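Chain and residue survey
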Amino acid sequence: MDADPFATHRVENQPPPFEPADLWALDPLLRLLVELHGADWARERLAAYGALAGGEILALSWEAERDRPRLRTHDRFGHRIDRVEYHPAYHRIMQLAVEHGLSNLPWREPRPGAEVARAALVYLHHQAEAGTNCPITMSFAGYPVLARDPFFGEWTTKLLVPAYDPSERPIAEKAGITLGMGMTEKQGGSDVRANSTRAEPLADGRSYRLIGHKWFFSAPMSDGFLVLAQAPGGLSCFLLPRWLENGARNAIRIQRLKDKVGNRSNASSEVEFEGALAYRVGEEGRGVATILEMVALTRIDCALGAAAEMRMALAQAVHHARHRKAFGRRLIDQPLMRAVLADLALEWMAALAFALRIVAWRERAADDGKAAKLARLGIPVAKYWLCKRAPAFVNEAQECLGGAGYVEESLLARLYREAPLNSIWEGCGNIQCLDVLRVLEREPEALPIWLETAGGQDPDPLAERLLDALPGIAEAALRDPAQARRLSEALALLMQAQLLRRLGERDPRLAEAAAAFAASRLGQARAGAFGCLPENADLEAGLALVLPPA
Ligand SMILES: Cc1cc2nc3c(=O)[nH]c(=O)nc-3n(C[C@H](O)[C@H](O)[C@H](O)COP(=O)(O)OP(=O)(O)OC[C@H]3O[C@@H](n4cnc5c(N)ncnc54)[C@H](O)[C@@H]3O)c2cc1C
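Owing to the predicted nature of the structure, the values given are computational and were not obtained by experimental measurement.

Cut-offs and rules
Residues numbered from 1 in each chain as written. Predicted model: local features only at pLDDT ≥ 70, side-chain atom pairs only at ≥ 80, totals over all residues. Heavy atoms only, no water. Phe/Tyr/Trp six-rings, centres within 6.5 Å; stacked < 30°, edge-to-face > 60°. Helix = DSSP H or I, 4+ residues; strand = E, 2+ residues; numbered from the N terminus. Buried < 20%, exposed > 50% of the residue type's maximum accessible area, 1.4 Å probe, protein only. Pairing = 2+ DSSP bridges. Core = buried A, V, L, I, M, F, W, Y, C linked by side-chain atoms within 4.5 Å. Contact = heavy atoms within 4.5 Å. Polar contact = N/O pair within 3.5 Å; in protein donor to acceptor, adjacent residues only side chain to side chain.

Describing the packing of aromatic side chains
Here the structure, examined in full by the defined rule, presents 13 aromatic pairs. Relative to F140, the ring of W107 lies with its centre 4.8 Å away and its plane at 15 degrees, an arrangement referred to as stacked. Of this pair, W107 sits in helix α4 (residues 105-108) while F140 is found in helix α6 (residues 133-147), placing the two residues 33 residues apart along the sequence. Counting every residue linked through ring pairs, the aromatic cluster contains W107, F140 and Y143.

Brief notes about the pairing of strand β6 (residues 224-231)
Within β6, seven of the eight residues are buried, leaving the element largely enclosed by the surrounding structure. Sheet topology places strand β3 (residues 179-182) next to β6; four bridges connect them, and they run parallel. Of the residues in β6, the one forming a bridge with L179 is G224. With eight bridges connecting them, β6 and strand β7 (residues 234-241) associate as antiparallel partners. Considered in β7, the bridge of L226 is made with L239. Here β6 folds back onto β7, and the loop between the two strands holds two residues.

So, the nonpolar core
If you look at the biggest cluster of nonpolar residues, it comprises 163 residues, and the most contacted ones within it are L240, L341, W348, F354 and L487. A per-element tally of this core places helix α9 (residues 335-364) first, with 20 residues. Every residue in contact with W348, bar those within four places of it in the chain, is listed here: D27, L29, Y123, A307, M310, R311, L314, F393, L545 and V546. Counting 32 residues, the second-largest nonpolar core is a separate cluster that includes M138, Y279, I291 and M294.

So, unusual backbone geometry
Unlike most non-glycine residues, F327 shows phi in positive territory, near 50 degrees. Within the element layout of this structure, F327 appears in the loop between β10 (325-326) and β11 (329-330). Overall, F327 belongs to the exposed group, its relative accessible area being 84%. Despite not being glycine, E426 has its phi angle at roughly 60 degrees, a positive value.

Focus on the side chain of D343
The residue D343 is located in helix α9 in this model. One polar contact links D343 to R521, side chain to side chain, over a distance of 2.5 Å. Ignoring anything within four residues of it in the chain, the contact list for D343 reads R521, A529, F530, G531, C532 and L533.

See below:
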């Protein structure tokens, strides 16, 4: 008999907390891909960061997310200070990310596989904390744009220093620095040519005064920002420092912070430039082309972020289903739940394989024309498709936890609020699909290269039908952009199926997973929701790779 016969509060049939101590050790697919793409030399660093991401960073993420950044426009005497204050947890997470090379590893230590190693670090980081990934990505992606011009020598030197310094000072007084980016204005974000911010040249030919605004301006405490503004010669790119060399604040007024659905540890602001000093990057009138180099890299990070969100959501769902019973059996042993989890596992594997493949192609692009074409086409395809799949995926994983997935104490709630963002910023889905068309118009040879790579020597019989149809789908989309999503999705699925098939040569479980992916994504059995795998699909194959046996 109970000590207290009236006690009602018993906790039964609830899973133990999911505390992934080591995100690297838990992820055999990541380890295989890192090896495959020549980044095995970074194994120890990745293992160290996997432990940090699943340990300290995940623990700190709750505070960084809950205690949102606050804007202080003025000090108590009435002076403008335009300062965003963050919880110390945010700064600590930033410090760990910068010190471990997430914002600069390939630029600081260029060697084969360096971009893949850095992408794997970002994937580990994003699983635990997504908000900090924004300034990390922008700092990483802004570097190559500035590095071409010796005028920005001090900036590029300091971007390479693995030290995070959040203090408010001119860069001359800081060891390490970070970058932000400002393109979007109220009257048009996708259509940046509608930018109205003016850039008035000063006598030296390099400096300008910016007058105007940006409607979305994330990480406003960064040391500098790559921004677009209308110069006399047309839309141009500028580096806008937050502090001037003389120690004064640049005339960047932070109007307010956005009250965002998710991504809460990161501050996103609205700003006005009241004659702010900026330095031209690239030629006048070439602003879009200049900043697009940066955007190509941030778009890859969106795709990696989507894969990371899928991974963390799935791990949580599998953990829950292993421990929770309903109708006399563990959820994971219920055939229909197993089908849902197995299908999610296929989606995550294909997403991660695709994202890292794009990174590997981009890394080789300078010396390998074929890789360059695959990367150019692959970036918008992956940004579109992976980011489009992530919100539905996260919601499905959330549902696996039942009501427990819909409370803010669950990581699933945070992932659910975060997941739509990657498909919106850095160019929404339609913009990616229109970019796919732009590539095919300007570089038509990219399509046959894609098809040859996705077909391989021995294409999956289910892929053959789509491979044959694709040139027609592409022609239709080039005639009528309303078909561009259909084209982008087909390009993504074919490549994902092929990448899994190739991975199947390394591991029989992946061969089974590849067959199930092709059957459920390319064949007649294709369905709209997750959890509709064909009757003969092997449900175990994909699941075996999600978490080690309980
Ligand atoms: C949290 C957050 C942080 C952000 N941080 C930054 C930042 O730091 N710096 C920055 O510059 N921007 C930032 N952005 C802005 C973001 O990049 C833009 O919101 C995004 O690019 C879309 O632009 P828009 O909001 O003006 O929408 P619009 O351009 O108005 O687009 C609205 C919709 O129309 C679609 N569309 C547009 N043109 C076409 C077309 N020709 N055919 C079919 N469909 C079309 C788009 O796909 C989209 O679905 C941020 C956004 C968010 C949400």
